[in-house]
Structure formats: C-alpha cells, structure tokens
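The lines below spell out each chain.
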Amino acid sequence: MEVIRTRALRGPNLWSHHTAIEAIVSCTPEEMAVDKLEGFEVRLRARFPRIAQLQPDGHADAVPMVHVLELTALALQAEAGCPVTFSRTTPTLEEGIFQMVVEYTEEEVGRLAVELAEKLINAALKDEPFDLNAALTELRDLDEDVRLGPSTGAIVHAAVVRNIPYRRMTSGSMVSFGWGSRQRRIQAAEMDSTSAIAESIAQDKELTKKLLDAAGVPVPVGRVAEDAEDAWKAALEIGLPVVVKPKDGNQGKGVTVNVTTKEQMTAAFNTAREFRDDILVERFLAGHDYRMLVIGNKLIAAARRDPPHVVGDGVHSVRELVEIVNADPRRGSGHATSLTKIRFDDIALARLALQGLQADSVPPHGQRVILRNNANLSTGGTATDVTDDVHPEVAARAVEAAQMIGLDICGVDVVVDSVLRPIEEQNGGVVEVNAAPGLRMHLSPSYGKGRPVGEAIISAMFPEGDDGRIPVIAVTGTNGKTTTVRLTAHILASSGLRVGMTNTDGVYINGRQTDSGDCSGPRSARNVLQHPDVDAAVFETARGGILREGLAFDRCKVAVVTNIGAGDHLGLNYITTVEDLAVLKRVIVQNVDKNGMAVLNATDPIVAAMASSCKGRITFFGADKYHPVVATHIAQGKRTVYVENGQLVAVEGKFEERIALADVPITRGGAIGFQVENTMAAVAAAWAAGIDWQSIRLGLATFTTDSHNAPGRFNVFDYRGATVIADYGHNPDAMLALVQAVEAMPAKRRLVLISGAGDRRDEDIRQQTEILGKSFDDVLLYQDQCQRGREDGEVIALLREGLAGAPRTSYVDEIDGEFIAIDKALARLKDGDLALILVDQVEEALAHLSKRIAEG
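Residues numbered from 1 in each chain as written. Predicted model: local features only at pLDDT ≥ 70, side-chain atom pairs only at ≥ 80, totals over all residues. Heavy atoms only, no water.

Caption draft 1: Structural context of the pairing of strand E7 (residues 184–187). Only one face of E7 is covered, namely the one carrying Arg184 and Ile186; the face carrying Arg185 and Gln187 has none of its residues buried. Strand direction decides the pairing type here: strand E6 (residues 174–177) and E7, joined by four bridges, are antiparallel. Note that in E7 the partner of Met174 across the bridge is Gln187. Here E6 folds back onto E7 in antiparallel fashion, the turn holding six residues, of which Gly178 has a positive phi close to 80°. (Buried < 20%, exposed > 50% of the residue type's maximum accessible area, 1.4 Å probe, protein only. Helix = DSSP H or I, 4+ residues; strand = E, 2+ residues; numbered from the N terminus. Pairing = 2+ DSSP bridges.)

Okay, structure coming up:
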C-alpha cells in the first residue's frame, strides 16, 4: 500500500461538510482483500486493539487495505482525544487506486494520523513492533500544541453556537469572527476594540492604583522602590506586612506576599528584579484572593483562588504529597486541562523553608502546606467559583475598576475575607487589574460550576441576532460563471454596497483589482472575506478549488449554478463523467444557509435536480415560461425568473417585476441567448441577496461587456466595417452558445480563430471545431503559449480532425502564436464580415487586439 498524495480539505467539500484529509492511496492486488492476508488482522489488533471492526456484520464484500488505513487514521485521532467521526473510501476508475477521506479537527494532527496509521499497518504486515502509546502521545502533544487554548476555544465555541463564522488568523490565539465589514477579532481574551492605552495602563500597576483610587475603588497603598534598601524603607512607611512585585508583571511572576522582615524584603526584591526593573511595594491585604471577570459593564464570573498547597496526612513527605496531587487526571502541564500540575521547584522549597519544612518533611495530619505565594492557576493553584455569592457593591467596584482603566474584558483581582460583604467593610482592596485575563478558572473551576464566559464575550461583540455574516453569493457551472459573477457584483455595487469579487480574471474589492490571474479558488475568496471594506461578496467557484481545499466558507446566502451541459475538464482528478461533475458543483447548493437561496437553471435537467440537495429555498430561471420545471414553479407561487415578450420577468406568488431586455445592453436586446441566461441568473441572485429592484434595473442598464468590464466575455469591437468578438469560450457547450449568438448577428462572411486547451479530452477538443465548422467560413487554428501537457502540434491536429467534412468551412489555416494569429485574422476581414476570436491569454490578447483595432 502506498499513500500517493494527501491534501487538506479546509471547508465543505465533495465528501462532507467536515474538514478532512483526502489521500490518494494505491493498493497491490494482494491488498484488495485483507482477509486473504494470513494473520494480518490478528497482528493489527495486537498492535491496536481498539480499532473498529474491519467488515460490518452482514457484509461479505472484500475489504481493501485502504479501508483499514481509513479506520486506523480515524481511530488514532479519536484515541488521542480528537472529536472526529467521519471517514470514507471510494474506488477510482484506476484499478487499485482509491480516494480516502478522514475528518480532522486540527490539520497537522490529521496529517500525522494518516502517517502513523500507514506505519502501524506496515508494522502489522511485516510483523514488526509498533509503539502505540508513543504514537498516541505524539498525536496528543501535537494536538495540544496546535489547537486553541481553553479561553480562546470557549469563545470560538460560543461563536459556532451563534452561527458566527470564524477563522484562525495565526497559529496562536488570534481569531477573526464574521466576514468583511462585519467582522471582529480577538487575541485570546482581548477584543479588537480594546485600547492599547488601556492595556498599557493595566500593565502599569502604580498608574492603575492611582486611577482606581481617584475613582473611589479601594486599593492598597504603596510605591515604587529604587533598591532593596528603599523597598524596606517603603515597607516601614506603609506598615508591615507588605507585598513586593514587579510594576508591570503578570501571572504572579516575581510576587512575594506577607513580607515582614528586612531579610525577607531583600530576597523578595531580588526575586521581583528577575522579571522587571521597576519594583512595587504595597500594603499586604489579609484575606482571600478573588478574581472578578468583567465583560463590558457586567460582572460575569468570580472565583476564589487558592495557592498551590498540599494537606499533610502524617505518612507521606511533602514531595510525595505533591506527586499524589499531581497524579490527578485534571492536572496537566499546560493550559489545556482545568488544573495545572504543582511546580516543586526552588520557589516551592523556599516557601517550605518559611514554614519550617523541607521536601522530605512529613507534615502532621491536617496541616496545610503552602507551596507558593501566589494563587495563579498556571503555577498549580486552584479556583472555586463564587459568582453567585458576590455582593452587589463588590461587583460594582469591579466594574468601576475595569471601566476606569478602559478594558472591555478585564480580570479584577480583589483581596477580601469574603465577597459576601462590601470591600470597604473588610479593609480589602483591588490589588490588580488584568488585560486579556485567563478564562480557565471560570470555564472549568476546580470546585463549583463553570460560567458561560465565552458566550458573554461573543455577546459583547455581536448583539443578539447578529451573526457577523455578509451576503455571500457563490457561482458555479460550466459556462457563464464569470459574466454572471461580474454582473451580479455590478448590481450589488449599484445598490451602494462595497462588493468583493473573485473570478478567473482576479480579485476585486469595491471595483479595484487587488490580485490578477485565476482567482476562482478558496484562497482568494478567504482573502475577500477578511477584507474590512467588503459589505457583500460574489465568488466564482471553480471545480479545481473545491477539489483542492473545499469551499472558503461554511455556508453561503446564495448559490448559483448556471449550467452543466456536456461538462468541461472531464477526465481530470477522477471527475470522469458529467454526473461526477454535477456532484462536485452541487457542493455550493448543499451548503446554502437554511435561510438562503439556490438559483438553478431550470432548463438543465442535472442542475434542476440539485434542488433536492438545498436546505434553503429555490429560484428557478429559464427563458421558456412553459418549460415544465419553470411552469410548475410559477404555479406553486415560488420564485421564478423567465422571459416573455422581450421582457425579463421575475415572479413569486402575486409579486411580479418586468424588465425590458432592450434595457439590458449585455443581451443586445435579447438577441444573445447565453447572455439572457446570465442576466436571469444574476437578477435572481441579486433578488435573493435582498437588493431592491431600482438598483437591479440600474445595474443591468449600466453593465456592458466591454473588455474592461468583462474581459473575454463576448467583447464586441468595430474594425474597418467588420465586427470582431473576443471571447474565452473553451468547451463544446460554449461553442454552441457562441454560434447561436453570432448567427443572430448579420455578416457577409464569418471567421473564427481558435486554439484548444490541452487539458481537455480528445473528443472535447474535436467537438469544438465540429460545431464551428457548420457556421464559419474561415477557421484559423493557432497553437497557444501553454499546451497543458500536450506535445507541440497535438492540439491543432485534434482541432483539424474536428473540421473533417465541415459543411461550411472553406478555408483553414494553422498558426503558431496567439498574437500572430490575431493579426492574421484581422488582416482577412473585409467590410461586413464578422470574426470570433477565442482568446487564451485573456488580458494580453485583449490588450493586443485593442491596440490593433485602435491602429485601424
């Protein structure tokens, strides 16, 4: 067995809505039925006992080795703690070649699981050892390294519940929620609206105290000390005991509490100096350490934090007691678990010494042994939820503290005996205010119930009912995609929206091109969704991008399928039939939002059948009002767009809107049939996106197919009394549509210039000239710049074969080079002629053509 290729499907795809690793796997003839491999399953289960049953009960089909790989990769992830359930294996037309898909939650973990599964299977085949525990540990460690931490993860989960899309912007904790102009961003537990100044204030503990004191929030008195001697002087001024800490520290680093002697002060000052130069000395407040979490203007959660400690049992030493506590499965080495292991280090030994103990001391039964001065969870402390006990006045002081500093999400540290009474009554105070506070103690406290802090943060960013989405319109099909995308985007822009658009020509933001080339894949679409100046997005969604990565979005507002016809690009990437292509193109329809709309070509049976796969509603379009699908939809009162008496008609129930095709320049008064279809699709898409009809009319009236507005899409030029049409048509269906269009235009003689894309099937290349040979007098064949895997002359030979027996063509020429071919075509034209120039290098060819026409 060999894994030939793997790729990550990062969005909804051909196989499922899940993210997944897709692998192309080759199996030898012997591996096509694993039950024939003597002892294999026994050896496999000896190495991985928890693998699923290879053959479901009641089935007698042969199980190929790739299916074992699929089950193993899925099971390894599940055993490592990844919540994955979906997998699938499908044979291709090539004997022994399979497509395997396995869900992942973290891409790197999914890839590693496939690698480890292959190694495990090979070990079973060769009867070699395999260290399952080491493999699972490697997966778990990688998963913990790459997945979101508990704080960020809780916020993301809350967004998912609210149907708000998200995207990790880095490998860390920076996450974007929503799309375009409605997006918001976080970095861990910090919002994009958090002021950098507020964060700086929170880091400066002395300035923080001054501001809180000015607001009437109780704080411990103190000041910055220059050196250990000055620190002791400050302590005597304030009154012992005191706390010594870095002026702008975090996570309790360098903090020493309850300092009462000069020797302790020297040690505490030196400890703090290891982290920062500016050291703060302040009055020690007796009482418990509480963390108040303020989000917006509300106290959302509160927890009492206790320093890491053990309780003596009269039997075990302190060291042994720590080992016993750390054996708790809730304690881990990072932030992924609800508790962190207690660190038994020099700081812990020093704290023991203050209590007259050593590592090997055996404390009596019931003695509480403190192992650190601070109560941070990151050093092994514990948290007890007290949210329901907080006195309203304590909550009010916490909110005032957060607002005085200017933090949207704020961790306020309060020291009091109890949160049941106001701070002032207990001589307590606010000792610290923290930006980007850890949420773990509130999400899964050591004791008590967790609080929905992720939901509170999302609610602060997105009001109820706001899902952060902009209208996304995805367009696919065989022909007409780019024109439909451009026209739809133009209509949306006419309504005042800032539109992001991707197509095979580039990426456009509010009319400005930001990228060039074929940008019809998910990477370009994701870039548009991240742009802050986009109010709506229209994406050309090509087959290649769906196959490579899946969709760039989890769901869309509108999905448009222009047509499937005889298909295109068949025979590539295991898409061998029109039915295969339809299943792939159907992906956008399957991922329409439940409140969205699929816009489908009613006259294409394969496209019309996609309606059953849509979770939202359906708009059918078709020129013939009496077509069975169109007529039925109209009769049912559902949205339909059709043509009648030279007018485009949009109906739904009793609603009806009519637009004269004479007012739609792209259709040339309705004479160009395929442009009428593109117009119907764009109108239906804009209607589904909620665009008003005045804007739709304006957009249609102001859109023309010139080489700037829609390059390579039936661009019409006048040249010395002849008509020249430039188009990017490149498959048989496009040829049929173009022939129909040019036959509706007057011409003394018709000439066509064509090359062929080498990555099409032989029969598709031949069929194009078979169609053209019936309608054109002169056919000029040219070899373009890129043969796409074909030998020189091979494509032209196929095109010439298609002209065999052509009933109309009387002149055929072969030319090497697109620009030379364009010049020769123009040179043959006379007054009243028509030339159809099928370009390959769209931008360059159109620029060359425009220059020649301008020269006259």
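Caption draft 2: Structural detail: the packing of helix H15 (residues 481–494) against helix H23 (residues 693–701). The contact between H15 and H23 brings their axes to 8 Å, and the two run at 130°. The angle between the axes of H15 and H23 places the two elements in the oblique class. Of the two elements, H15 crosses H23, and the hand of that crossing is right-handed. Side by side, H15 and H23 meet where Leu487, His490, Ile491 and Ser494 of the first sit next to Ser695, Ile696, Leu698, Gly699 and Leu700 of the second. Along the lines of polarity and charge, the residues of the contact of H15 with H23 split into five nonpolar, four polar and no charged. (Axes fitted to C-alpha atoms, helices over the stretch in contact; angles between N-to-C directions. Parallel < 35°, antiparallel > 145°, perpendicular 65-115°, else oblique. Left-handed = near helix turned anticlockwise from the far one by under 90°. Contact = heavy atoms within 4.5 Å. Nonpolar A, V, L, I, M, F, W, Y, C, P; charged D, E, K, R; others polar.)

Caption draft 3: A look at the nonpolar core. Counting residues in hydrophobic clusters, the biggest one holds 51 residues, and the most contacted among them are Val472, Leu529, Phe539, Phe553, Val589 and Leu600. Broken down by element, this core gets its largest block of residues, four residues, from helix H18 (residues 578–585). Apart from residues no more than four positions distant in its own chain, Leu529 is found in contact with Trp179, Gly180, Gln183, Ile470, Val472, Ala537, Phe539, Ala552 and Phe553. In terms of nonpolar packing, the next biggest core, distinct from the first, is built from 48 residues, Phe40, Leu76, Val114 and Leu142 among them. (Core = buried A, V, L, I, M, F, W, Y, C linked by side-chain atoms within 4.5 Å.)

Caption draft 4: Summary view of empty space enclosed by the protein. With the rule as written, the count across this model stands at two cavities of 30 Å³ or more. The space that makes up the largest cavity amounts to roughly 130 Å³. In terms of lining, the largest cavity is formed by 15 residues, of which the most central are His730, Ser755, Ala757, Val839 and Asp840. Approximately 80 Å³ is the volume found for the second largest cavity. If you trace the second largest cavity, you find 15 residues lining it, with Ser520, Gly521, Pro522, Ala525 and Thr541 closest to the centre. Counting only elements with at least two residues in the lining of the second largest cavity, the list comes to helix H16 (522–530), strand E25 (536–540) and helix H17 (543–549). Considering only residue class, the lining of the second largest cavity consists of eight nonpolar, six polar and one charged. (1 Å grid on protein atoms, 1.4 Å probe; cavity = no way out; pocket = protein on both sides within 12 Å on 5 of 7 lines; lining within 4 Å. Points joined across faces, edges and corners; volume = space filled by probe spheres on them.)

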